[in-house]
Structures are given as C-alpha cells and as structure tokens.
Amino acid sequence: EFALMTHPNAPDPDELWMNEALELAALGQGYVEPNPMVGCVLVRDGCMIGRGYHQIYGGAHAEVNALEDCSSSGEVPQGSTAYVTLEPCCHFGKTPPCADALIRARVARVVVAVTDPFPAVDGGGIKRLRESGIEVITGVGADKSERLLAPYLKRVRTGRPWVIAKWAMSMDGRIATSTGESQWITGNESRYEVHQLRGRVDAIAVGMGTVIADDPLLTARHGGPRTPIRIVFARHRVPDLKSQLVRTGSETPTWIVAGPAIADSDLALLADHDVETMRCDSENSVDMVDEVLQRLAREDNLSGRPISNLMIEGGGGLLGSFAAAHQIDEAHVYLGAKLIGGLKSLGPFGDPGFPRLADATRFEIQSVQTFGPDVRAIYRRIKD
Ligand code: AOF
Ligand code: ZN
C-alpha cells in the first residue's frame, strides 16, 4: 500500500549529475575554442568516481580526462554511468575517439545532453556506443548544454561565429554628449569587466569611425585566457599609420577587413606594420557583415583557426550593420549612472535601424548585475 514513492518534484538524479558535468564543462571557457566546452562525470551506485573536462584546445577530451581521473584515484569505470554534456566523438581528430575509450573502459550507460552536429560525429558516437551494447540516453540537461555550447553550435550549424555586441550608455541611452564627450560614461568596475570579456573572445571588431574617434588599443588589459585578434572594418578608409592599432600591429594580431573601395597601396603600407588584410567583395555594409562572418568561421582564415566568438565594440555604424544583418547573438549592455539628455546626443546604434517595432530584434535577459555605480545586462537573441 505504501509503495516506495518519489516526490513528484524530486530532482531527477540524471539531471543532477549532468549539472555537475556542465559545471566542469564551463571551466574550459576561453581555453577550448573553437572546440566545444565539454564536461564528463562517471558515477556508480550514486557516487562520483571520476570527473573531467576538455581543458585546452588540442588537449584531451572530457571523457578521457574523466576516465584518467577515475583510474588515478584507484577506481574502475567498468559498469558505471558516464554523464557527458556533448555526444562522445567517434573520429580521429587531434585525439582518438572518445566513444572507443568509453567502450574499452566498459561503462554500462552513457547519458548525453546534446548530440554533436560536427560533420565527422553527428550521431555517429551514439550509434557506436549503442552497437557495442551500451545503453545511451540523450537530452538530459539539453537546454543548459545548448546554452553553454551556443557559440560552437552556431558555428558548426551556420558557418558563422557567435557575435557579442558590447556597448556602454547613459541612463537615457546616450553614448556621448552633444559635444562628443564620451569618456567615461561608465566606471572602472565596468571597464574591468569588459577587459575580462575581451580576454576570452577570439576577436574584437570595430569600425573606422571608432578608430578615428577613440584611437583604441583593444587589448585585454587584465589578462584572460586569450589575446583577441583586433579586426577593423574598413569600407572607405584605413587606419592611420600613427594609430595605436597600427603601431602595435607587430605585438597583437591586427586585421583589416577591406571593402572594394580601399586601394591596394594603402594595404601594402599597413602590411609593413604587420597588419594583415582580408579583402571582401561586398559593397554594402550589411552584406559585408555576412561575407566577413563566413570568412572568419573558416579554418583557412588568416589565423588558420576558426573564430568562434566575435565581440563588436562599436561604433554605431558597425553595430547598426550587424543588427540589420540579424547577426547579434548576445548583447552586453552597460548602463552608466549618468543622465546626458539632448536630442543631439547619440545612441549606440547607427543606421539603418528597424522602422517597424514588429521587425525589431528580440532578446531575452540572461543576467543583470551591478558593477560599482553601473548596471550590466546580458541579453541573448530569441530565435524566431
Ligand atoms: C568529445 N569530447 O571533450 C570534446 C569533443 O580536434 P579534436 O580532436 O580536439 O576534436 C574536436 C572535435 O571533437 C570537435 O569539433 C567536436 O566535434 C569534438 N569535441 N568531443 O567527445 C570532448 N571537446
Ligand atoms: Zn572526444
């Protein structure tokens, strides 16, 4: 009569273990790209007997690290359940297939959050595990894993990097006063956060208006896992040889995306300062965004490694073109505690904008935090 009942709201143990694997996966952020962040835990009789994650691009995958952790602590993986945030691979890449490693270790069950759309895997890892008699279930923690893997999934599915737009504005949505003063609308604490973000993206892009107005350096001055490539979108003119970007071209990778109107001779002068060129054919700034994104996501771009996360720092012209191209996936909006006002004070986005509210890009809030006097909201685009 009083049969063992579980509370209807009791958390599913598979979900809970997958959460552990997801937390591990996130530790790879900024280190593993263009690879996905992946975590893995091995569990037997309700106890975790091994844990691992993909720690660095080119290094061991999560499953291999978890198996290694298990055996180094004197446990055996045989008969355990492996929780993996992404389908185990079945291809020889920089490392041998993880599906084979799990089969050899004789795990009994594999719980997968999301399947890997990478063409060399794409369901093949799950198939191989099942063919060798391992029980596989998928979809546990799928929403969270997809959220974490969004940049990787976008690149593999659409051939374009994940785009993060960042801007700072006053309480009333202005980025400068009517006389053009813009430094500083937000405080030190916010600027520190921006440098943290710069230190984990693959590249930072700006338009020529920003290069002329601010002469930015665009480096991650508070460290971080990586040094982002600096990209300037140039349609009508190129940065001055005296600009900070050009003068530091030999220290930090710097690329000019050059439209058809830019002369070869201008680019040759920049090349002397180690500034590299990516030529593009599009005349129109919105087409240029899409052409460039596709080039950046390719293996054979100027760096020889796909760009997964691209941060757009402005100005209004470039942000306006990215918005019109429907290519802003994530927005980091800093709201300084100042009121500027005046109809001549600009907002962060230039033309063309969306004339109809029904066409405006829709976002959802991911987080809201304060940094000193400022508010930072992170939004993600809602896919329709
Ligand atoms: C897994 N576990 O932890 C990761 C996987 O060049 P490689 O050898 O590092 O392979 C990269 C591909 O492997 C990547 O595109 C994705 O399909 C998969 N990543 N797979 O089983 C992991 N990081
Ligand atoms: Zn693998």
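Throughout, residues of each chain are indexed from 1 in the direction in which the sequence is written. Note on labels: chains are lettered from A, ligands numbered from 1, in written order. For a predicted model such as this one, the threshold for reporting local features is a pLDDT of at least 70, and the threshold for listing and counting side-chain atom pairs is 80 or more; totals across whole chains, interfaces and linings nevertheless cover every residue.

As recorded in an unreviewed UniProt entry, the chain goes by Riboflavin biosynthesis protein RibD and comes from Neorhodopirellula pilleata. UniProt positions are given in the numbering used here, feature names are shortened, and annotations may be inferred rather than shown by experiment. Listed in UniProt under the heading Function (unreviewed entry), the comment for the chain reads: "Converts 2,5-diamino-6-(ribosylamino)-4(3h)-pyrimidinone 5'-phosphate into 5-amino-6-(ribosylamino)-2,4(1h,3h)-pyrimidinedione 5'-phosphate."

(A) Main features of the overall build of the chain. On a plain count of helices and strands, the chain comes out with 12 helices and 14 strands. Considered along the principal axes of its C-alpha atoms, the chain spans approximately 75 × 50 × 40 Å. Contact between residues is assigned whenever the C-beta positions, reconstructed from backbone atoms, fall within 7 Å. When contacts within the chain are restricted to residue pairs at least 6 apart in sequence, those whose partners lie at least 24 apart make up 71%. Numbering of helices and strands starts at the N terminus; helices are DSSP runs of H or I of at least 4 residues and strands are runs of E of at least 2.

(B) Representation of the UniProt feature "binding site: substrate" (unreviewed entry) in the chain. Mapped onto this numbering, the UniProt entry gives "binding site: substrate" (unreviewed entry) at Ser-182, Arg-198, Leu-218, Arg-221 and Glu-313. Assignment of secondary structure puts Arg-198 in helix H7 (residues 188-198). Exposed residues have 12 or fewer other C-beta atoms within 10 Å of their own C-beta, buried residues have 20 or more, and residues in between are partly exposed; the C-beta atoms are placed from the backbone. For Arg-198, a count of 23 C-beta atoms within 10 Å gives the class buried. As for its position among the elements, Arg-221 is in the loop between helix H8 (208-214) and strand E8 (229-234). Taking the C-beta count within 10 Å as the criterion, Arg-221 has 14 such neighbours and is therefore assigned partly exposed.

(C) Spatial organisation of the site of ligand 1. Should the C-beta atom of a residue, placed from the backbone, lie within 6 Å of a molecule or strand, that residue is near it. If you check the shell around ligand 1, you find 17 residues, and the closest are Val-38, His-61, Ala-62, Gly-93 and Phe-118. Each residue gets one of three labels, nonpolar for Ala, Val, Leu, Ile, Met, Phe, Trp, Tyr, Cys and Pro, charged for Asp, Glu, Lys and Arg, and polar for the others, Gly among them. The class makeup of the residues in the shell around ligand 1 is 9 nonpolar, 5 polar and 3 charged.

(D) Representation of the confidence of the model for the chain. Confidence scores labelled pLDDT are given residue by residue by the predictor and lie between 0 and 100. With 98% of its residues at a pLDDT of 70 or more, the chain shows a mean pLDDT of 95. Here the predicted complex carries an ipTM of 0.90, next to a pTM of 0.94.

(E) View of the pairing of strand E6 (residues 162-169). Burial within E6 is extensive, with 8 of its 8 residues counted as buried. Here a strand pair is declared whenever DSSP counts at least two bridges between the two strands. The pairing of E6 with strand E11 (residues 309-312) spans 4 bridges and is classified as parallel. By the bridge assignment for E11, Val-163 is matched with Leu-310. The sheet contact formed by E6 and strand E12 (residues 330-335) spans 6 bridges and is parallel. Bridging from a neighbouring strand, Ala-168 pairs with Tyr-334 of E12.

(F) Highlighting the sheet that holds strand E1 (residues 39-44). In spatial order, the strands read E2-E1-E3-E4-E5; together these 5 strands make up an open sheet with mixed pairing. In the strand order of this sheet, the two ends are held by strand E2 (47-53) and strand E5 (135-138), each with one partner. Here the average twist between neighbouring strands, direction ignored, is 15 degrees. Judged from the 4 bridges that link them, E1 and strand E3 (residues 81-86) form a sheet pairing that is antiparallel. Bridge pairing links Val-43 to Thr-81 in E3. Against the sheet, helix H2 (residues 62-72) touches E1, E2 and E3, its axis set at about 135 degrees to E2. Axis lines are fitted through C-alpha atoms, for helices just across the contact stretch, and the angle between N-to-C directions can take any value from 0 to 180 degrees. In this fold helix H4 (residues 124-131) packs onto strand E4 (109-114) and E5, with an angle of close to 150 degrees to the strand it touches most, E5.

(G) Inspection of the packing of helix H11 (residues 285-296) against helix H12 (residues 316-324) at higher detail. Running from N to C, H11 and H12 cross one another at 75 degrees; their axes reach a closest spacing of 8 Å. Of the possible angle classes, the one that applies to H11 and H12 is roughly perpendicular. Contacts between H11 and H12 involve Ser-285, Val-286 and Val-289 from the former and Ser-321, Phe-322 and Ala-324 from the latter. Counted by class, the contact of H11 with H12 contains 4 nonpolar, 2 polar and no charged residues. What sets the label is the angle itself: under 35 degrees gives roughly parallel, over 145 gives roughly antiparallel, 65 to 115 gives roughly perpendicular, and the rest give oblique.

(H) Inspection of the pairing of E2 at higher detail. Taking burial as the measure, the 7 residues of E2 include 5 buried ones, the bulk of the element. Summarising the sheet, E1 and E2 pair through 6 bridges and their orientation is antiparallel. By the bridge assignment for E2, Leu-42 is matched with Gly-50. Hairpin connection, E1 to E2: the antiparallel pair is bridged by 2 residues, and Asp-45 has positive phi, about 50 degrees.

(I) Structural view of the sheet that holds E11. If you walk across this open sheet you meet the 9 strands as E10-E9-E8-E7-E11-E6-E12-E14-E13, and the pairing is mixed. Each edge of the sheet is formed by a strand with only one pairing partner; in this case those strands are strand E10 (275-279) and strand E13 (363-371). Each adjacent strand pair in this sheet contributes to an overall mean axis angle of 20 degrees, direction not counted. The pairing of E12 with strand E14 (residues 374-381) spans 6 bridges and is antiparallel.

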